[in-house]
Amino acid sequence: MEALPWVGEATPVYVYDFAIVAARIALLRATMPPQLALHYAIKANPMPELLAAIAPLVDGLDVASAGEMGRALSVKPADAISFAGPGKRDAELEAAIRAGVTLHLESEGEGARALALGDRIGGAPRLAVRVNPDYELRGSGMKMGGRPSPFGLDAARVPALVKRIVAAGADWRGFHIFAGSQSLDTAAIMETQAATLALADRLAGESDVKPPLVNIGGGFGIPYFPGDAPIDTAAIGEALGREIARYDMPVAIELGRFLVGEAGVYLARVVDRKDSQSETFLVVDGGLNHHLAATGNFGTVVKRNYPVAVAHRMQDPAEEIVTIVGPLCTPLDRLADKVALPRAEVGDVIAIFTSGAYGASASPSGFLGHAPVREILVNRPR
Ligand SMILES: *Cc1c(COP(=O)(O)O)cnc(C)c1O
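Only a predicted model underlies this, so the values are computations on that prediction, with no experimental measurement involved.

## Some points on the overall build of the chain
The helix and strand tally for the chain stands at 9 helices and 19 strands. Relative to the compact-globule value of 21 Å for 382 residues, the chain shows a C-alpha radius of gyration of 22 Å, a close match. Principal-axis analysis of the C-alpha atoms gives the chain an extent of 70 × 45 × 45 Å. Here the chain, with 382 residues, has 55% of them falling under the buried criterion. Summing over all exposed atoms, the chain offers an accessible surface of approximately 15,800 Å²; the carbon and sulfur share of this is 55%.

Right, dumping it as structure tokens:
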């Protein structure tokens, strides 16, 4: 029978287990080179309590809006926070400069605006340059390089901007090179990291200035689907250590999903059970309004089912094939398609695992006017 510990919680709810997050960070600290800085990309899961628990365990926080910057500043000093993302408004640039947060410039125009704002408010802005690399991370769920991009400057345009911001007296902070996300291909990650450091070294030479930090992105994937295997962090760490030793540049990685994805479960309760033609449907009390990614509508090419279970019958054998849908009036609201499960009745709780990243904050919670989802953090430190 064996039940998930949180089966008694009011639904719908996300439960994040901090013990799992802490174990992921410990795994990275044990396998990555000791001199490598570890950053958390907070867009993966910005829940305030979770962020507060993660902050002391990582070296930096990467944010992508003034809203995220505000949350980050409440738990980490400004010099450990960097702000990337296209289309930063003047008010956002100014807030970052006043706070002392590092801006990752996404274009020459943004660089010019940041320098002008720095002049006007009388402070040297902390500026890094984001590079659109001329390669992509192979096997990446979301390709971020090797093509025209709203993110970063094409590598060939970078040295001119670096020289301009250094000449203008800005506080030069280095390069940010992010080539992809959700890769489960260990060899591809190692190759990309080597290429990224080589590119940073070349750009440093062409810019006539050393980078105080090279943020090489992340891209570490997690297994979601049958057949997915975890990446080999020990192999990656060993190779990265050798690469870092070839250059004289401090290096950081930024990870989101890898730190939090497997630490979250989404729980929703069966409201209705119905048969239609040859299929059985379980209708639960939350859907894509809370968990867009599980319905396959958040950056996935092929829709596959997240790992799912009946929360009070974790160990029981499957008895039937069901399709699990949320309460929204759209055929997109399918949390799991034709899964084999023990029989679940109205009132039972369905658990969707691997839900700690790109969940609540990446879902259209206003759509159809249902209540927002609750989020709780368990096993928090002390
Ligand atoms: C989203 C994002 C990340 C985090 O990606 P994950 O796949 O969650 O690790 C890191 N860096 C940048 C620049 C991002 O936009």
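## Regarding empty space enclosed by the protein
In this structure the tally under the stated criterion is 1 cavity of 30 Å³ or more. Space inside the largest cavity adds up to approximately 70 Å³. Contributing to the lining of the largest cavity are Leu-137, Ile-177, Phe-178, Ala-179, Gly-180, Ile-189, Thr-192, Gln-193, Thr-196, Ile-216, Gly-217 and Gly-218. Here the lining of the largest cavity gets 4 residues from one element, more than from any other, and that element is helix α7 (residues 186–207).

## Concerning helix α3 (residues 66–73)
The periodicity of an α-helix, 3.6 residues per turn, causes residues three or four places apart in sequence to face the same way. Burial in α3 covers these residues: Glu-68, Met-69 and Ala-72. Around the axis of α3, the buried residues are gathered within 105° of arc, so they sit on the same side. Buried-residue contacts for α3 involve α2 (48–54), β3 (60–63), β4 (81–83) and α4 (90–99). One side-chain oxygen at the N-terminal end of α3 lies 3.3 Å from the backbone nitrogen of Gly-67; it belongs to Ser-65.

## Things to note about the site of the ligand
In the vicinity of the ligand, the residues found are Ala-41, Lys-43, Arg-130, His-176, Phe-178, Ser-181, Gln-182, Glu-254, Leu-255, Gly-256, Arg-257 and Tyr-358. In this structure, an oxygen atom belonging to the ligand sits 2.6 Å away from a side-chain N or O atom of Ser-181. Elements with a contribution of two residues or more to the shell around the ligand: β10 (180–183) and β12 (251–255). Looking at the shell around the ligand residue by residue, the classes come out as 4 nonpolar, 4 polar and 4 charged.

## Points about the pairing of strand β5 (residues 102–105)
Of the two faces of β5, the one carrying Thr-102 and His-104 and the one carrying Leu-103 and Leu-105 are both buried. As paired strands, β4 and β5 are joined by 2 bridges and run parallel to one another. Across the sheet, residue Phe-83 finds its bridge partner in β5, namely Leu-103. Handedness of the β4-α4-β5 crossover: right-handed. Two strands pair when backbone bridges link them, and β5 and strand β6 (residues 126–132) are joined in this way by 3 bridges, in the parallel orientation. Residue pairing for β6: His-104 is matched across the bridge by Ala-128.

## Some remarks on the pattern of salt bridges
This model, assessed by the stated rule, comprises 23 salt bridges. With a closest N to O distance of 3.9 Å, Asp-208 and Lys-163 form a salt bridge. In this pair, Asp-208 sits in the loop between α7 and β11 (214–215) while Lys-163 sits in helix α6 (residues 158–167), placing the two residues 45 residues apart along the sequence. Look at Asp-208 and you get exposed, because its relative accessible area is 64%. By relative accessible area, Lys-163 is classed as partly exposed at 40%.

## Quick look at the nonpolar core
Counting residues in each nonpolar core, the largest one holds 101 residues, and the members touching the most others are Tyr-40, Phe-175, Phe-220 and Ile-324. Of the residues forming this core, the biggest block, 7 residues, is contributed by α7. Split by domain, the residues of this core number at least three in each of domain 1 (46–255) and domain 2 (262–378). Residue contacts for Phe-175: discarding those within four places in its chain leaves Val-129, Val-131, Val-158, Val-162, Ala-200, Leu-203, Ala-204, Ser-207, Pro-211, Leu-213, Val-214 and Asn-215.

## Overview of the environment of Arg-164
Here Arg-164 lies in helix α6. According to the relative accessible area criterion, Arg-164 is partly exposed, its value standing at 40%. Distance from Arg-164 to Ile-376, taken between C-alpha atoms, is 47 Å for residues 212 residues apart in sequence.

## What to know about the packing of helix α1 (residues 18–31) against helix α8 (residues 233–246)
Two elements in contact, α1 and α8, have axes whose closest approach is 9 Å; the angle formed by their N-to-C orientations is 40°. One way to sum up the angle between α1 and α8 is to call them oblique. Crossing hand, α1 versus α8: right-handed. On the side of α1, the interface is formed by Leu-27, Leu-28 and Thr-31, while α8 contributes Thr-233, Ala-234, Gly-237 and Glu-238.

## Some remarks on the domain arrangement of the chain
By domain assignment, the chain separates into domain 1 (46–255) and domain 2 (262–378). Using only C-alpha atoms to locate each centre, domain 1 and domain 2 end up separated by 34 Å. Of the residues lining the interface, 10 residues belong to domain 1; the matching set on domain 2 comes to 11 residues. Buried area between domain 1 and domain 2, both sides added, is near 1,100 Å², and the carbon and sulfur share of it is 67%.

## Looking at the side chain of Gln-193
Within the secondary structure, Gln-193 is located in helix α7. Setting aside anything within four residues of it in sequence, one finds Gln-193 in contact with Ile-216, Phe-220, Ile-236, Leu-240 and Ile-253.

What counts, and where the lines are drawn
- Residues numbered from 1 in each chain as written.
- Predicted model: local features only at pLDDT ≥ 70, side-chain atom pairs only at ≥ 80, totals over all residues.
- Heavy atoms only, no water.
- Helix = DSSP H or I, 4+ residues; strand = E, 2+ residues; numbered from the N terminus.
- Rg over C-alpha atoms; globule rule 2.2 N^0.38 Å.
- Buried < 20%, exposed > 50% of the residue type's maximum accessible area, 1.4 Å probe, protein only.
- Areas by Shrake-Rupley, 256 points an atom, 1.4 Å probe, with all protein chains shown as cover.
- 1 Å grid on protein atoms, 1.4 Å probe; cavity = no way out; pocket = protein on both sides within 12 Å on 5 of 7 lines; lining within 4 Å.
- Points joined across faces, edges and corners; volume = space filled by probe spheres on them.
- Arc of directions from axis to C-beta.
- Contact = heavy atoms within 4.5 Å.
- Polar contact = N/O pair within 3.5 Å; in protein donor to acceptor, adjacent residues only side chain to side chain.
- Near = heavy atom within 4 Å.
- Nonpolar A, V, L, I, M, F, W, Y, C, P; charged D, E, K, R; others polar.
- Pairing = 2+ DSSP bridges.
- Right-handed = clockwise from strand over helix to strand, strands pointing away.
- Salt bridge = Lys/Arg side-chain N within 4 Å of Asp/Glu carboxyl O.
- Core = buried A, V, L, I, M, F, W, Y, C linked by side-chain atoms within 4.5 Å.
- Domains from an automatic or database assignment.
- Axes fitted to C-alpha atoms, helices over the stretch in contact; angles between N-to-C directions.
- Parallel < 35°, antiparallel > 145°, perpendicular 65-115°, else oblique.
- Left-handed = near helix turned anticlockwise from the far one by under 90°.
- Buried area = accessible area lost by both parts, 1.4 Å probe.

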